[in-house]
Each structure stands twice: as structure tokens, then as C-alpha cells.
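Working through the structure, step by step
Here is how the chains run, residue by residue.
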Amino acid sequence: MRADDEREYAEFVRGQVLALRRTAYRLCGDWHLAEDLVQSALVLLYRHWPRVVSAVSPHAYVRKVLVNTVLEERRRWWSRRVRPSAEPPPDLGAACPVGIDGRLDLRAALAGLAPRQRAVLVLRYWEGLDVAETAEALGCSAGTVKSQTSDAIAALRRLLPNYVSERLESR
Amino acid sequence: MTDRELTTLFALADVEPEPALPPGFAEQTVAVARRSVRRRRAVAAFVAAAAALVAGTVVVAGPVPGGGQHAATTGGPSLPDRFAGYSRRTATVAKEPPGRAVATYTYGNHELFRTLQPLVVGADRDTYRRVDAIEERRTDKGGYPKALLSPDGTRILVGDERGDATSLVLVDLTDGRRRDLPVDPPMRVRLFSWSADGRYVAYGRAPVPGQSDPGRNGTPTTGELVILDLATGISTRHPQTTPVRSASFAPDSRRLAVQLDREAWIVAVDGRRQRQLVLPPGRELLMRYAWLPDGALIATVPRTEDPPYQRWSNELAVVDAAGEGRMVAPPVTVGWMLGWRSPTRLVTFEMGEDAVGGSIIEVALDTGERRVLSRFSDSSSCEYGTQRCQVGDLQLATGLLARLDIRPGIDRGDRPLWQSLAFVGLGFVGLALALAALLAAGARAVRRRR
């Protein structure tokens, strides 16, 4: 890589690394793992930087790489055996999550979702992407994003019954 | 849940402060990325160089040796114009029957590693097979028992001169099946001749060493004539026809020319002596191939005290089988006899220099003209590339000689030493790369888990 390109890449890394780590954390639920995943995604970006920076948005590209890296990591056998978060407690649905307890319950519920269901919820409702952007990040069609969103919400509702209505009604 | 409700839900879960990044995380990421690209370039260059080396070696070396390579088939039986080089990966007759064979021989070396192979080569295509029935009777000293190839090339009979076997083994080369033919009591068996119609085999049986005839170098010089009828599997002894030194079936398959100690006789297949042959003084019948195809002439060689087994050089004199032993032509010196193509043309094997390699040559008795039919390589591809290859116990299917064509042979060996070493070196490099990749994957997995 030329010196100019590498300088540009380094500036991009410094400017985006926190946001990328936050996205990775939301996708995986573990800060240390999030840092590893971000680094892997940025290394991949480095290999293709000259092409990416001239053809497409580096941010969209690295976000796509990051999502794929997370999903790939979730598929590995040790990832399936070692979960970064505890399983949702059996009486989770009866609780009314407020404050720290509520945040923990939401993350535990996210950990109970399938990786792609979690990803579609995080990208759409936590990262604020629209359907098209989410589809691009996941490498699938908009229709698939919509159906996976519907499935993910149904799964989340089963893991957190009464959570939304009570939580939102109290606001 | 509505989109707004979900957005609110996630926003509420996002209020805790984020932990600080490790110091120098961004710079470290750039350095890791730079190293990653360099490493990938180095690996790609190494793989490309290794692939180029392998491709170049294969191009220079020709086809990799193997047992299953076939040349195009020809109409009739044929002999390859060059025999394939040594290959450790040659299949066995039992695993992959070769069909009718045009030749059987031993090839290799046994100076250090004993890599000698008893082989057959197909009469219709270049099918090389190890004769496992012979290999299984190998002695601790490394010697193989003698075997006899049937005139039509479809069967091999494995004998045993050492007296420790209780049976002969008949191997069908078309389907790999074996048939044990008992030798009771166990005796040393010397296979003499197979009749042209394929039904009979003449052999001599002699006591085991240490008894009345210790023989020379383990090979009995005398014994009694036995006729094996392959249709019934019964061996008929003819104790009156002794001490027999050699026997050859006549082209009609009903008579044999039998060399006793000092006399030669025409003997019927049932063992009856028909008449005595008169041979020139100091001569005896040629081992195995005494009859010329016309049935009227007999080939003789000088008599020696050694067993009249195959000799590397023969001063051949042809005499009238019905007369007073008159030579019909001056003696001619030929190599290891392999049979007759016609009454005036014989086939012989002449060993190469230093007793390695050699050629199969057709010799015209009347004109002395010689024509090379096939060659054996004398390359150093035996004993793992350290020794030159030797040919032994060569026989051709005598019933196929008259109409034998010559076909282009395959090259499945002759790899020089440097190429063998290059292949071994590349193997080690590949193994090291695989191990390194495995260790790297393991290290990555451990890092990820942390």
C-alpha cells in the first residue's frame, strides 16, 4: 500500500474505531471480543483499502465485513459452546426491567436469539439502519431482512413478555 | 411491538458508559494489518514457487510412476518396445488381474533393501502387476521361487526348488484365482516345460538338500520326471526317467525331449520312452526350448556340470531330431533363450553392461541378422534411487511369439536421483506448511477465546 493510502487508512481507523467497537459489542455482547472482531474487520479492510476507498463507502464496507466477521465467529464451535452472556433467567418475563436490571435483561434476551436475528434487530433498531442498509450489511435481500425482523421480534416477545407494554406504558 | 417501541427499548439499554479502548489500539491495528498483508504475500510467493517447482519437476520427469497406466490396446498380442521402469506402487495380480501376459520377470535390486519384484506384463496392453503368489514364497535370504508362464500367457505356475513347500501354486492371470496342487512328500521342484496346448507341465522333483542329492547352490542337478495334468491336477511320477536334467515339450504336446544325465530321449506324455536322441559329443538338450516349432529339429548346447538351468550365453547348435545328431547349421552364440518365433528365428535376452538392464533380441539363425524387440531400462531407479535395476528369470509366453507385434511402451519410472530427492524435499516442505497452518489456526482459536 502506498504511504498516502496507509495514512488515509490510519485516519479512518482512528475516526471509526469507537463506533465500530460499539456496533460489534451490540452484535456480540462482549467488549473484549468486540475489540478482536473490529481488529479483524479492519485488517480485512486494509487489504482492500485502495479499491474500497475509491469505489464504495469505507464505512459501509467495514460494517458489512464486521457483521460477517461476527456471524462467522458465532458459527465456530467454541463460540457455540462458550456464550459471552448468561442465558435469560426462567422468570425473566415476569420481571419489569428498569434501569440496570432492564438493560441486563435485554442483553440476555438478545443473547438468546439466533445470530442473524440478533444482527437484524441491532442493525435496524440500535444502529438505526433502514431495511436497504441492513440488507446490504447482511448480504441478503430486503425481503429477507423484513422476514427475519418479524421472526426476531416474535422471538424477543417470547423472551420478554409484557416487557415492552409495561416499560413503554410507564413512560 | 412497533418500530418506535423497539427503538426506544434499545435506546434505554444504551446509557452505560463504554470502557476505554486499550492504549494505542488504532496504531496496533494498522501494524497488524500491515503484517498480515506482508505474511499473505510471502505465503503466496512461497506456494507459487513450490507449485512451479512441482510442475517443472513433473514436466521433466514425465508421468509419475504407477501401476495402472495402460497404453492403447492393439489387435493381437504384443510386446512393449521398452519395459516400464521400476515402480513401488505396482498393483498385485490378486488385486487387479492383468489378463494374459506376454512376459514374466523379476526386476529391481536387493543389495540393501530387497526391492526386487516378480512381475508380469500384459500381452494386450501395458499392464504391469506384481505376482504376489511368488512374493509370498520369498525366503529370508531374499530369493524368489522359480515360476513358469503358460504358452498362452494366461497362467503362471509357481514351483519351489528349496523343498519347503508342499504344493505348486497355479495362478490364473485373467481373474487372479489360485489353485494349490499338492507335492507329497515335500520335495524340491524344478519346473521344466509347459505343453503348447496348456494341459501338461513337466517338472523334476528331487530330495530336499542334505539328503542323497545336495545339488549345487541349492539347485538339484538330478531328479525324477513328473508330468502334471492340469485338467485333473494329478502329478504322475516317472521314476524310471531319472536322473532328469531338463525336459521340453514338443510342439504337438504329446512328446517330450528329456535330457537325462548322459542320454537324451524322446518320451511320451504318459512317460514311456520312445527312442533315444543322438546328440553331438559334449552337447545336451537346450533347457525348456529344445524343440523348434517345426518339430523336426532339436536345439543343443554344450554340456556343463552345472544344473542346465537358463544360461546367460548359449552356443546353440540345431540338430536333426530324427537322424544321427547331425548339426544342420554352424553353432551360433545367443543370450538367455526365450523361445522360437519360427524354425529360423529365435528370441533371446542379452543382459546390459554390468549385469543391469538388457534387450530382447530376435536372431535369424540362417542369416545371423539381429533385431532388438524390446529394452529394459538400466537406470538407477531401484532401491529408492540408489541402485541400478536388474532383470532376472525372464520368460515370454512362447505360444504368442509367432504372431507377436511390438507396441510402444510406457515410461513409468527412470526418475533420476535428484528428482527423487526433490520430491522427498517437497513432501517435507508440504508437511511443514501444513503443521504451521495447523499451529497458526490453533493459536488464533486460543486468542479468540481469550
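1. Here we look at the overall build of chain B
- Along chain B, the regular secondary structure elements total four helices and 26 strands.
- The proportion of buried residues among the 450 residues of chain B is 39%.

2. Notes on the overall build of chain A
- When helices and strands are tallied, chain A shows 10 helices and zero strands.
- Scanning chain A from its N terminus toward the C terminus, one meets helices and strands in the order α-α-α-α-α-α-α-α-α-α.
- Within the span of chain A, comprising 171 residues, buried residues form 36% of the whole.
- Contacts in chain A between residues at least 24 apart in sequence constitute 63% of all its contacts with a sequence separation of at least 6.

3. A few points about the nonpolar core
- In terms of nonpolar packing, the biggest core is built from 97 residues, with Ile156(B), Ala202(B), Ala257(B) and Ile298(B) touching the most fellow members.
- Once residues lying within four places of it in the same chain are set aside, the contact partners of Ala257(B) are Ala247(B), Ser248(B), Ala250(B), Ala264(B), Ile266(B), Leu277(B), Leu285(B), Ala290(B), Trp291(B) and Ile298(B).
- The next biggest cluster of nonpolar side chains, apart from the first, holds 47 residues, and it includes Val13(A), Leu27(A), Leu66(A) and Ala33(B).

4. Remarks on the pairing of strand S18 (residues 297-302) of chain B
Residue and element names in this part refer to chain B.
- Of all six residues in S18, five are buried; the element is thus mostly enclosed.
- As paired elements, strand S17 (residues 283-285) and S18 share three bridges and run antiparallel to each other. Its bridge partner being in S18, Leu285 is matched across the sheet by Thr300.
- Pairing analysis gives four bridges linking S18 to strand S19 (residues 314-320), with the strands arranged antiparallel. Opposite Leu297, over in S19, you have Asp320 as the bridge partner.

5. Quick look at the sheet that holds strand S10 (residues 200-206) of chain B
All names here are of chain B.
- Taken in spatial order, the four strands of this open sheet run S9-S10-S11-S12, and their pairing is antiparallel. Strand pairing shows two members of the sheet lacking a second neighbour, strand S9 (188-194) and strand S12 (234-238), which therefore form its edges. Between one strand and the next, the sheet's axes are offset by a mean angle of 30 degrees, whatever the strand orientation.
- Here S10 pairs with strand S11 (residues 224-229) via six bridges, running antiparallel.

6. Describing the sheet that holds S18(B)
All names here are of chain B.
- Strand order in the open sheet formed by four strands is S17-S18-S19-S20, with antiparallel pairing between adjacent strands. Sheet topology places S17 and strand S20 (332-334) at the edges, where each strand pairs with a single neighbour. For this sheet, the mean inter-axis angle between neighbouring strands, taken without regard to orientation, is 45 degrees.

7. Some details on the pairing of strand S8 (residues 178-182) of chain B
Residue and element names in this part refer to chain B.
- Bridge count between strand S7 (residues 167-172) and S8: five bridges; the pairing is antiparallel. Within S8, the residue paired with Leu168 across the bridge is Leu181.
- Once S7 ends, the chain turns through five residues before running back antiparallel as S8, passing Gly176 with a positive phi of about 80 degrees.

8. Points about the confidence of the model for chain B
All names here are of chain B.
- The predicted model of chain B averages 83 in pLDDT, with 84% of residues at 70 or higher.
- Here residues 210-218 is modelled with pLDDT under 50, and outside its nearest four sequence neighbours on either side it reaches 17 contacts, counting other chains as well.
- We note a pTM of 0.58 for the whole complex and an ipTM of 0.76 for its interfaces.

9. Examining the packing of helix H1 (residues 3-28) of chain A against helix H2 (residues 31-47) of chain A
Residue and element names in this part refer to chain A.
- H2 packs onto H1 with a crossing angle of 135 degrees between their chain directions and a minimal axis gap of 8 Å. When the axes of H1 and H2 are compared, the pair comes out oblique. Crossing angle aside, the handedness with which H1 passes H2 is right-handed. Residues Tyr9, Val13, Val17, Leu20, Arg21, Ala24, Tyr25 and Cys28 of H1 pack against Trp31, Leu33, Ala34, Glu35, Leu37, Val38, Leu42 and Tyr46 of H2.
- Class assignment for the residues of the contact of H1 with H2 results in 14 nonpolar, no polar and two charged.

10. Digging into helix H7 (residues 115-126) of chain A
Residues and elements named next belong to chain A.
- For H7, a buried count of 10 out of 12 residues is recorded, marking the element as mostly surrounded by other parts of the structure.
- Those residues of H7 lying buried are Gln117, Arg118, Ala119, Val120, Leu121, Val122, Leu123, Arg124, Tyr125 and Trp126.
- With its phi angle positive at about 75 degrees, Gly128 sits one or two positions after the end of H7.

11. What about the environment of Ile298(B)?
Residue and element names in this part refer to chain B.
- Structurally, the position occupied by Ile298 is in strand S18.
- Each C-alpha atom, one on Ile298 and one on Val319, is 5.3 Å from the other, the two residues being 21 residues apart in sequence.
- Apart from residues no more than four positions distant in its own chain, Ile298 is found in contact with Ala257, Leu277, Leu285, Ala290, Trp291, Val319 and Ala321.

12. Quick notes on unusual backbone geometry
Residues and elements named next belong to chain B.
- Residue Asp184 is joined to Pro185 through a cis peptide bond whose omega torsion reads -5 degrees.
- Counting through the fold element by element, Pro185 comes out in the loop between S8 and S9.
- Cis rather than trans, the peptide bond between Thr242 and Pro243 has omega equal to -5 degrees.
- For Ser253, which is not glycine, the phi dihedral falls at a positive 65 degrees.
- With respect to the secondary-structure elements, Ser253 resides in the loop between strand S13 (244-249) and strand S14 (255-260).

13. Details of the confidence of the model for chain A
Residues and elements named next belong to chain A.
- Averaged over all residues, the pLDDT of chain A is 78; the fraction at 70 or higher stands at 76%.
- Ranking the elements of chain A by mean pLDDT puts helix H10 (residues 163-170) last, at 47, and H2 first, at 91.
- Across residues 86-98, confidence stays below pLDDT 50; counting only partners more than four residues off in sequence or on other chains, it has 20 contacts.
- Every residue in residues 165-171 scores below 50 in pLDDT, and together they form five contacts with partners more than four places removed in sequence or on other chains.

14. What to know about the environment of Gly339(B)
Residue and element names in this part refer to chain B.
- Within the secondary structure, Gly339 is located in strand S21 (residues 336-342).
- Between the C-alpha atom of Gly339 and that of Trp291, which follows or precedes it by 48 residues, the distance is 9.4 Å.
- Each residue touching Gly339, except ones within four places of it in the same chain, is listed here: Tyr289, Val347, Leu396, Thr398 and Leu401.

Parameters at a glance
Residues numbered from 1 in each chain as written. Chains lettered and ligands numbered in written order. Predicted model: local features only at pLDDT ≥ 70, side-chain atom pairs only at ≥ 80, totals over all residues. Helix = DSSP H or I, 4+ residues; strand = E, 2+ residues; numbered from the N terminus. Buried ≥ 20, exposed ≤ 12 C-beta atoms within 10 Å, placed from the backbone. Contact = placed C-beta atoms within 7 Å. Core = buried A, V, L, I, M, F, W, Y, C linked by C-beta atoms within 7 Å. Pairing = 2+ DSSP bridges. Axes fitted to C-alpha atoms, helices over the stretch in contact; angles between N-to-C directions. pLDDT = per-residue confidence, 0-100. Parallel < 35°, antiparallel > 145°, perpendicular 65-115°, else oblique. Left-handed = near helix turned anticlockwise from the far one by under 90°. Nonpolar A, V, L, I, M, F, W, Y, C, P; charged D, E, K, R; others polar.

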